[in-house]
Amino acid sequence: MERPRDDVFSSSVGTDTDGRATSPREAVELHLSLGGPQQAAASLAVLRQVTAGVSTEEAVRDVAHDLGAGTYDPPDGSSWLEWLAWYRERLQQAVDDPATILSPGALPEWPYPWRLRDGAAADGATLRRAARVLTDRHRHDVDAWLADPDAGTRLHLVGDVGADVGRAVRLAPLLRRGVVASAVRTTRAAVVLRRLDAGDAGPAAEVAAAHPAEPWEHPAAASWRRAWPALTSFLGGWFNAADLADEPDWNEWAALGAEAPAFLDRVADELPQLLARDEVELRAAVDALGCYAEPPHLRRWLGWTSWRIQRFDWS
């Protein structure tokens with residue numbers, strides 16, 4: 001008997017994923033936009049058929065693999081049951097309201113430029129000094145962060161350290177990797193502290209990353225960081241120039257798996273305030289928060305981050 005086939009599922013999370021997107025949610029939306037409501041209806045019919053009478057995690061995992069899932073683990077969170085429940089809801093929404101399907105071309109196809117900024121450090125000793133300067137300058141913030149167990153595992157600090165720390169680099173936006181468009185010497189640095197479990201000695205931190213930061217920033221940058229401390233820790237802590245992967249969804253999955261639910265709830269609470277900004281301020285604010293992940297569809301990527309946090313269990 002031929003195995004039922006769902007083209008949206010197999011193209012998004014299957015072993016034959018076609019590589020036109022960098023995350024399962026992005027892939028689902030891309031393939032819905034290509035196939036339209038007819039494809040959504042066909043996928044929904046298959047899903048209803050294969051999940052009829054199926055209600056346990058183990059049985060749903062088997063269904064996912066019968067449909068061609070490419071991994072044992074679910075694409076988001078810790079439950080195939082929950083992920084397929086969302087997927088069914090999304091297909092139903094696309095059938096009932098085709099306006100929720102993005103128009104063809106609304107999402108970029110991979111490869112597209114994720115990382116448009118970078119940093120070329122002068123040397124390790126210079127960055128270690130920058131880390132000491134910023135940690136000492138922000139001692140009150142560091143102590144408050146360490147005293148709050150729900151404030152996240154990382155703290156992002158940025159500022160002028162009074163000495164050349166290297167070059168802030170802008171990459172050519174239409175190329176996938178590495179072509180430098182501009183490089184400016186800078187005395188500003190960004191530092192990421194990582195929380196340590198020091199046992200009876202109390203909370204402690206170590207320097208997880210440090211890199212040159214651009215010598216200028218938006219006039220509202222400092223106020224944005226004060227207003228959105230969880231987003232600063234999340235975006236600056238996990239998506240900084242030193243840690244950013246070629247496909248930063250890896251950074252996101254690492255962050256969601258490492259951070260406590262109470263902190264992720266804070267991130268989700270702050271994201272709507274960031275997303276309320278217009279396109280110019282949105283990108284300026286993301287820069288100010290220390291995030292070097294800059295996909296063309298930045299607003300949708302941030303919105304899907306909020307969706308992931310709120311929809312799935314990451315504990």
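Description of the structure in this document. (Residues numbered from 1 in each chain as written. Predicted model: local features only at pLDDT ≥ 70, side-chain atom pairs only at ≥ 80, totals over all residues. Heavy atoms only, no water.)

1. Points about the pairing of strand β3 (residues 166-171)
Then step 1. Sheet analysis places strand β1 (residues 117-121) next to β3, joined by five bridges and oriented antiparallel. Of the residues in β3, the one forming a bridge with Arg117 is Arg170.
Then step 2. Here β3 pairs with strand β4 (residues 180-186) via six bridges, running antiparallel. Looking at the pairing, Val169 lines up with Ala183 of β4. (Pairing = 2+ DSSP bridges. Helix = DSSP H or I, 4+ residues; strand = E, 2+ residues; numbered from the N terminus.)

2. Comments concerning the pattern of salt bridges
Then step 1. Applying the stated criterion across every chain, the model contains 23 salt bridges.
Then step 2. Put simply, Arg139 and Asp136 hold a salt bridge, and the shortest N to O gap is 4.0 Å.
Then step 3. We note a salt bridge from Arg277 to Glu281, for which the minimum N-O separation is 3.1 Å.
Then step 4. On the basis of relative accessibility, which here comes to 29%, the residue Arg277 falls in the partly exposed class.
Then step 5. Its relative accessible area of 25% is what places Glu281 among the partly exposed residues.
Then step 6. Look at the salt bridges and you will find they share partners, linking Arg117, Arg170, Glu214, Asp287 and Glu294 into a network. (Salt bridge = Lys/Arg side-chain N within 4 Å of Asp/Glu carboxyl O. Buried < 20%, exposed > 50% of the residue type's maximum accessible area, 1.4 Å probe, protein only.)

3. Considering the nonpolar core
Then step 1. Core analysis: the biggest nonpolar cluster contains 68 residues, and Phe9, Trp83, Leu84, Tyr87, Phe234 and Leu274 have the highest contact counts within it.
Then step 2. Sorting elements by how many residues they give to this core places helix α2 (residues 24-51) first, with nine residues.
Then step 3. Counting residues in each nonpolar core, the second largest holds 16 residues, with Leu134, Leu146, Val161 and Val191 among its members. (Core = buried A, V, L, I, M, F, W, Y, C linked by side-chain atoms within 4.5 Å.)

4. A word on the packing of aromatic side chains
Then step 1. Per the counting criterion, the structure on display carries 16 aromatic pairs.
Then step 2. In this structure an aromatic cluster arises from ring pairing among Phe9, Trp80, Trp83, Trp86, Tyr87, Trp307 and Phe312. (Phe/Tyr/Trp six-rings, centres within 6.5 Å; stacked < 30°, edge-to-face > 60°.)

From the geometry alone we can't say anything about function, so treat these as descriptive.
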